[in-house]
Structure formats: structure tokens, C-alpha cells
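Residue-level structure breakdown
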Amino acid sequence: MNFRTPPFILCTKDGALTRFVLFLVCYGLCVMSLSNIILYLNYRTLGYSWHAVLSYIVNGVELYLALAALIGMFSVVYVQGPSRSPFS
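Residues numbered from 1 in each chain as written. Predicted model: local features only at pLDDT ≥ 70, side-chain atom pairs only at ≥ 80, totals over all residues. Heavy atoms only, no water.

A look at a nonpolar patch on the surface
- Together, L17, F20, V21, L24 and V25 make up an exposed nonpolar region whose accessible area comes to about 420 Å².
- Mapped onto the secondary structure, V21 falls in helix α1 (residues 16-40).
- Judged by its relative accessible area of 44%, V21 falls in the partly exposed class. (Patch = residues over 30% accessible without salt bridge, like charges linked within 9 Å, V, L, I, M, F, W, Y side chains within 5 Å. Areas by Shrake-Rupley, 256 points an atom, 1.4 Å probe, with all protein chains shown as cover. Salt bridge = Lys/Arg side-chain N within 4 Å of Asp/Glu carboxyl O. Helix = DSSP H or I, 4+ residues; strand = E, 2+ residues; numbered from the N terminus. Buried < 20%, exposed > 50% of the residue type's maximum accessible area, 1.4 Å probe, protein only.)

Some details on α1
- Taking 1.5 Å as the rise per residue, α1 with 25 residues should run 36 Å; its terminal C-alpha atoms sit 36 Å apart, in good agreement.
- Three or more residues of α1 are buried, namely C26, C30, S33, I37 and Y40.
- Looking at the packing, one finds that the buried side of α1 touches α2 (50-59) and α3 (61-78). (Expected span 1.5 Å × (residues − 1). Contact = heavy atoms within 4.5 Å.)

Here's the deal with the side chain of E62
- Positionally, E62 belongs in helix α3.
- A polar atom in the side chain of E62 sits 3.2 Å from the side chain of Y40.
- If near-sequence neighbours (up to four positions away) are discounted, E62 is found in contact with S33, N36, I37 and Y40. (Polar contact = N/O pair within 3.5 Å; in protein donor to acceptor, adjacent residues only side chain to side chain.)

Here's the deal with the confidence of the model for the protein
- The predicted model of the protein averages 83 in pLDDT, with 75% of residues at 70 or higher.
- Of all secondary-structure elements in the protein, the lowest mean pLDDT belongs to α1, at 93, while α2 reaches the highest, 95. (pLDDT = per-residue confidence, 0-100.)

Observations concerning the packing of aromatic side chains
- The final tally for this structure, using the stated rule, is six aromatic pairs.
- Measuring from centroid to centroid gives 5.8 Å for Y43 and Y48, while their planes differ by 80°, and the two rings are edge-to-face.
- On the basis of relative accessible area, Y43 is assigned to the partly exposed category, the value being 34%.
- Summarising the aromatic geometry, the rings of Y43 and Y56 are spaced 5.8 Å apart at their centres and angled 85° between planes, so their arrangement reads as edge-to-face. Note that Y43 is positioned in the loop between α1 and α2 and Y56 in helix α2, a separation of 13 residues in sequence.
- Judged by its relative accessible area of 42%, Y56 falls in the partly exposed class.
- Grouped by ring-pair contacts, the aromatic residues Y40, Y43, Y48 and Y56 constitute a single cluster. (Phe/Tyr/Trp six-rings, centres within 6.5 Å; stacked < 30°, edge-to-face > 60°.)

Listed below in C-alpha cells is the structure:
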């Protein structure tokens, strides 16, 4: 490892491992938050109205975490990384 290489670029010159780990973290956060949102829909079977359930989902942090994780996943996949490290 060259000492001039930034610490967030590990094992590869183009940061592919960093992008892969970031994708896995975003994917895990997305799965956890969306599964909690789906579980919140069970409040409907307990007699709560759609308005109460949806307002609970919108006011919770899981919806915003899922949106941030989806934006992170799409940015990792579709934003093109550098073709060559500037320190090589």
C-alpha cells in the first residue's frame, strides 16, 4: 500500500472494494428498514386506520433510512468512479 493512497481506497487502485462494501452496507440498511415498514403494515390488522398506519410510517426514521440507502445504492452503481487513481 502506497502511503500517498487515501485510506478509503483499499486493495484496488480504482476503489472497487470500497464501492462494493458501501453497496453491501446500503443494501443491508435498505432490507432492514423496508422489512420494518412492511411489519408496520400489520397494525392494520389490529384495527388501526390506513391514515394512522401511514402517518406512523412517514413519521418514523425507517422510511428516510430506506430512501437514503436506495439513493446510496443507486449512486454506487450508476455514478462512474475514476478510471484511474490519481496517485498511480
